[in-house]
Amino acid sequence: MPQRFETDLIEIGVVESASPGTVIRRIQAIDIDSENNGKVTYSITVESDPGIFSLDSVSGDLRLLKKLTFSGKVYKLTITATDHGSVQLSSSQNIEITVIDINDNAPVFTDGISSTSVVENSPKGTFAFKVSATDQDSGPAGIVNYNMSSKFLSIEPMTGKVSISS
């Protein structure tokens, strides 16, 4: 009887900080035959980007060979499991690997403020200026929140608007 995979597609997320050599998944096919007919060898038969992943032919451990950088790219592999019978049978499984972004970029201010002026005795809440920053990270890690320490000014955490506080 041919071996089989439980699903046709496995989707895997790997954090971009994962080190080369990390096992990202153990691939496993089920073969109910006995003796050589039940032994399975695994191989990568199709890969969208060769040289980034390796597969242990006996254990099915899928390893990372190179450090990944978040780019939104999806790596695609096809894994084939082949039995050791006198008539070899095989089946395949598709794998899609997505790199998960981590917070590895600091925010960068887009406008430098060299100086600004505020009218003396301005009432509390008077708008003074606005700061703006961007972050190259994606998702929640790329959201910029502002804060500052001042006796006289306060900043809105989400907008960067600075106003008189006392």
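Note that this is a predicted model, so its numbers are computed, not measured. (Residues numbered from 1 in each chain as written. Predicted model: local features only at pLDDT ≥ 70, side-chain atom pairs only at ≥ 80, totals over all residues. Heavy atoms only, no water.)

Colleague: Even after reading the chapter, I still don't get the packing of aromatic side chains, so can you show me in this structure?
Modeller: Aromatic ring pairs are described here by two measures, namely the spacing of the ring centres and the angle between the planes. Within this structure, the stated rule accounts for one aromatic pair. Look at Phe 53 and Tyr 75: their rings are 5.6 Å apart centre to centre, the planes differ by 75 degrees, and that puts the pair in the edge-to-face class. Taken together, the residues span a long stretch of sequence, with Phe 53 in strand E4 (residues 53–55) and Tyr 75 in strand E6 (residues 74–83) at a distance of 22 residues. The exposure classification of Phe 53 matches that of Tyr 75, with both residues buried. It is Lys 73 that lies over the ring of Tyr 75; its NZ or CZ is 5.6 Å from the centre. (Phe/Tyr/Trp six-rings, centres within 6.5 Å; stacked < 30°, edge-to-face > 60°. Helix = DSSP H or I, 4+ residues; strand = E, 2+ residues; numbered from the N terminus. Buried < 20%, exposed > 50% of the residue type's maximum accessible area, 1.4 Å probe, protein only. Lys NZ or Arg CZ within 6 Å of the ring centre and 35° of its normal.)

Colleague: Help me understand the nonpolar core in this model?
Modeller: Grouped burial of nonpolar side chains is what soluble globular proteins tend to show. The biggest cluster of nonpolar side chains holds 23 residues, and the ones touching the most others in it are Ile 27, Tyr 42, Phe 53, Leu 62, Ile 79, Ile 95 and Ile 97. Counting residues per element, the ones that place at least two in this core are strand E1 (9–15), strand E3 (40–47), E4, strand E5 (61–64), E6 and strand E7 (90–100). For Ile 79, the contacting residues outside a window of four places in its chain are Phe 5, Ile 27, Tyr 42, Ser 43, Ile 44, Thr 45, Leu 55, Ser 91, Ser 92, Gln 93 and Ile 95. Val 131, Tyr 146, Ile 155 and Val 162 belong to the second-largest nonpolar core, a separate cluster that totals eight residues. (Core = buried A, V, L, I, M, F, W, Y, C linked by side-chain atoms within 4.5 Å. Contact = heavy atoms within 4.5 Å.)

Colleague: Sorry, what's going on with the environment of Glu 156 here?
Modeller: Along the chain, the position of Glu 156 falls in the loop between strand E11 (153–155) and strand E12 (161–164). Here Glu 156 is in contact with Tyr 146 and Lys 161, once residues within four sequence places are set aside. Polar side-chain contacts of Glu 156 include one of 2.9 Å to the side chain of Thr 159. (Polar contact = N/O pair within 3.5 Å; in protein donor to acceptor, adjacent residues only side chain to side chain.)

Colleague: Would you mind going over the pattern of salt bridges with me for this structure?
Modeller: In a structure, side chains of opposite charge can pair up when their charged atoms sit close to one another. A complete count under the given rule lists two salt bridges for this structure. For Asp 61, the salt bridge identified is with Arg 26, shortest N-O distance 2.7 Å. Of this pair, Asp 61 sits in strand E5 while Arg 26 sits in strand E2 (residues 23–26), and the two are 35 residues apart along the sequence. A salt bridge links Asp 49 to Lys 73; the nearest nitrogen and oxygen atoms lie 3.3 Å apart. Highlighted residues: Asp 49 in the loop between E3 and E4 and Lys 73 in the loop between E5 and E6, separated in sequence by 24 residues. The exposure class assigned to Asp 49 is partly exposed, which follows from its relative accessible area of 21%. Take Lys 73: its relative accessible area is 34%, and that puts it in the partly exposed class. (Salt bridge = Lys/Arg side-chain N within 4 Å of Asp/Glu carboxyl O.)

Colleague: What's the story with the sheet that holds E4 in this structure? I'm lost.
Modeller: Across a sheet, strands are paired by hydrogen bonds formed along the backbone, either parallel or antiparallel in direction. With antiparallel pairing, three strands are arranged side by side in an open sheet as E2-E5-E4. Sheet topology places E2 and E4 at the edges, where each strand pairs with a single neighbour. Strand-to-strand twist across the sheet, computed as the mean angle between neighbouring axes with direction ignored, equals 20 degrees. (Pairing = 2+ DSSP bridges. Axes fitted to C-alpha atoms, helices over the stretch in contact; angles between N-to-C directions.)

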